[in-house]
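Next come the chains, spelled out residue by residue.
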Amino acid sequence: MSQLEIITTKQQLKLEASNGYYKVQQNKTLLAIAKQTVDDFRAHLTHVQQMYDSGVVPWYDVLQTKVRLANSENDLVKTQNNYDLAIYSLNKTMGLPLHSEIMLTEPLIYQEYVLDSNDVTAYGLAHRPEIVQQQDNIKIEETKIKIAQSEKHPKVILSGTMAWDNDDFAGTANRNWTTMLVTQLNLFDSGKTNAKVKQAQSGELAAQKQAQQTHDNILLEINDAYLSMKEAEKRISTNATAIEEASTNFDIAQKAYTAGVGTNLDVMDAELALNQAKTNYTNALFDYNMSKARLNKSIGKE
């Protein structure tokens, strides 16, 4: 396996592990939200039942609340299943038994990314091993062109011989040296040399096109991850505000219903709106952290 393949494999494994980790954190938070929703509906059902027993509200308020509670309990079962599957998937990625218990100490949080668009592009073009590999391939093809072109040049051969010139057997005198400088020029190669040069030039052109394609693909990968990260970052801020507003609305709806100036449906809709705001915030955090992990991989950051 080449060094490039080793680096690529390591980066892919790191991304898969990050995806598994953030997926567990996402589903862990969603599970907590689902449990809180069930608890809120149970508490509200108790309150509605008491108001019905006192003759303050009609029976269908109780029925409405029971249906919403059943739906929230159904969502809780699904969320628990998603969390369990996320744990199994992370264990598999880490090479652990599927049912191993793991403790995740760091919650899913927002941490600002310090590099801007120009920084990540420059860093990626300087550190992605594929770009270095493509430049090496171009140099190899350039060397092939030089080798092919060298066959057009004259070849100079220097040779020397030594001879003995003595009437006596085994004599040691009268040694003669002969030196020759020979120049060879192939004038009739039927265009073979030109064909080799053209073939080498074609190889260089192909290497250059491949390098440009690799360059463009890396730029696209970097920009896609960066823009996805920034989009998720905006959603984090928006949904954080939505949670505050939904919490206030839920509190107002509960008090209005108790005072007899609001409806049971207002309370339950406010609860679901709060649940959705929390879910959207959690998903935005997951998307942000995953996009950041993809961005780090796309720029070759360890």
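Residues numbered from 1 in each chain as written. Predicted model: local features only at pLDDT ≥ 70, side-chain atom pairs only at ≥ 80, totals over all residues. Heavy atoms only, no water.

Peer 1: Explain the overall build of the protein chain to me, and be specific about the residues and the numbers.
Peer 2: Regarding its fold elements, the protein chain presents six helices and two strands. When each of the 302 residues of the protein chain is scored for burial, the buried share is 33%. Put simply, 77% of the contacts in the protein chain that link residues at least 6 apart link residues at least 24 apart. Taken as a whole, the protein chain presents about 19,100 Å² of accessible surface, with 54% of it coming from carbon and sulfur. (Helix = DSSP H or I, 4+ residues; strand = E, 2+ residues; numbered from the N terminus. Buried < 20%, exposed > 50% of the residue type's maximum accessible area, 1.4 Å probe, protein only. Contact = heavy atoms within 4.5 Å. Areas by Shrake-Rupley, 256 points an atom, 1.4 Å probe, with all protein chains shown as cover.)

Peer 1: Describe the pattern of salt bridges, and please don't skip the residues or the numbers.
Peer 2: Under the counting rule described, the total for this entry stands at ten salt bridges. Residue arginine 68 pairs with aspartate 269 through a salt bridge whose shortest N-O separation is 3.3 Å. Placement of arginine 68 in helix H2 (residues 59-94) and of aspartate 269 in helix H6 (residues 264-298) is noted, with a sequence separation of 201 residues between them. Classification of arginine 68 as buried rests on a relative accessible area of 18%. Residue aspartate 269 is classed as partly exposed on the basis of its relative accessible area of 37%. (Salt bridge = Lys/Arg side-chain N within 4 Å of Asp/Glu carboxyl O.)

Peer 1: Any details on the packing of helix H1 (residues 3-53) against H6? Residues and values, ideally.
Peer 2: Viewed as axis vectors pointing N to C, H1 and H6 meet at an angle of 170 degrees, and their least axial separation amounts to 10 Å. Considering their axes alone, H1 and H6 lie roughly antiparallel with respect to each other. When grouped by side-chain class, the residues that make up the contact of H1 with H6 number twelve nonpolar, 15 polar and six charged. (Axes fitted to C-alpha atoms, helices over the stretch in contact; angles between N-to-C directions. Parallel < 35°, antiparallel > 145°, perpendicular 65-115°, else oblique. Nonpolar A, V, L, I, M, F, W, Y, C, P; charged D, E, K, R; others polar.)

Peer 1: Outline helix H3 (residues 117-127), supporting the account with residue identities and numerical values.
Peer 2: Of the positions making up H3, those classed as buried are Val120, Thr121 and Gly124. End-on, the buried residues of H3 take up no more than an arc of 100 degrees, which puts them together on one face. Residues of H3 that are exposed and point more than 90 degrees away from the buried face comprise Asn118 and Ala126. (Arc of directions from axis to C-beta.)

Peer 1: How would you summarise the packing of aromatic side chains if you had to cite specific residues and measurements?
Peer 2: The final tally for this structure, using the stated rule, is three aromatic pairs. Arranged with centres 5.0 Å apart and planes meeting at 55 degrees, the rings of tyrosine 52 and tryptophan 59 form a pair that is tilted. On the basis of relative accessibility, which here comes to 32%, the residue tyrosine 52 falls in the partly exposed class. Relative to tyrosine 288, the ring of tyrosine 110 has its centre 4.9 Å away and its plane inclined at 50 degrees; by these criteria the two rings are tilted. (Phe/Tyr/Trp six-rings, centres within 6.5 Å; stacked < 30°, edge-to-face > 60°.)

Peer 1: Can you lay out a nonpolar patch on the surface for me, pointing to particular residues and giving the numbers?
Peer 2: On the surface, a cluster of nonpolar side chains totalling about 400 Å² of accessible area is made up of Tyr52, Trp59, Tyr60 and Leu63. The element contributing the most residues to the nonpolar patch is H2, with three residues. Mapped onto the elements, leucine 63 comes out in helix H2. (Patch = residues over 30% accessible without salt bridge, like charges linked within 9 Å, V, L, I, M, F, W, Y side chains within 5 Å.)

Peer 1: How would you summarise the environment of glycine 262 if you had to cite specific residues and measurements?
Peer 2: Tracing the sequence through the fold places glycine 262 in the loop between helix H5 (192-258) and H6. Through-space distance from the C-alpha of glycine 262 to that of isoleucine 252 is 9.3 Å; in sequence the pair is ten residues apart. Excluding anything up to four places from it in sequence, glycine 262 contacts Ala256 and Tyr257.

Peer 1: Just give me the short version of the nonpolar core, but keep the residues and values in it.
Peer 2: The biggest cluster of nonpolar side chains holds 21 residues, and the ones touching the most others in it are Tyr113, Val120 and Leu295. Elements with a contribution of two residues or more to this core: H1, H5 and H6. When neighbours within four sequence positions are excluded, valine 120 is seen to be in contact with Tyr113, Leu115, Ile222, Tyr226, Leu295 and Ile299. Counting 18 residues, the second largest nonpolar core, distinct from the first, contains Leu69, Ala246, Val267 and Met268. (Core = buried A, V, L, I, M, F, W, Y, C linked by side-chain atoms within 4.5 Å.)

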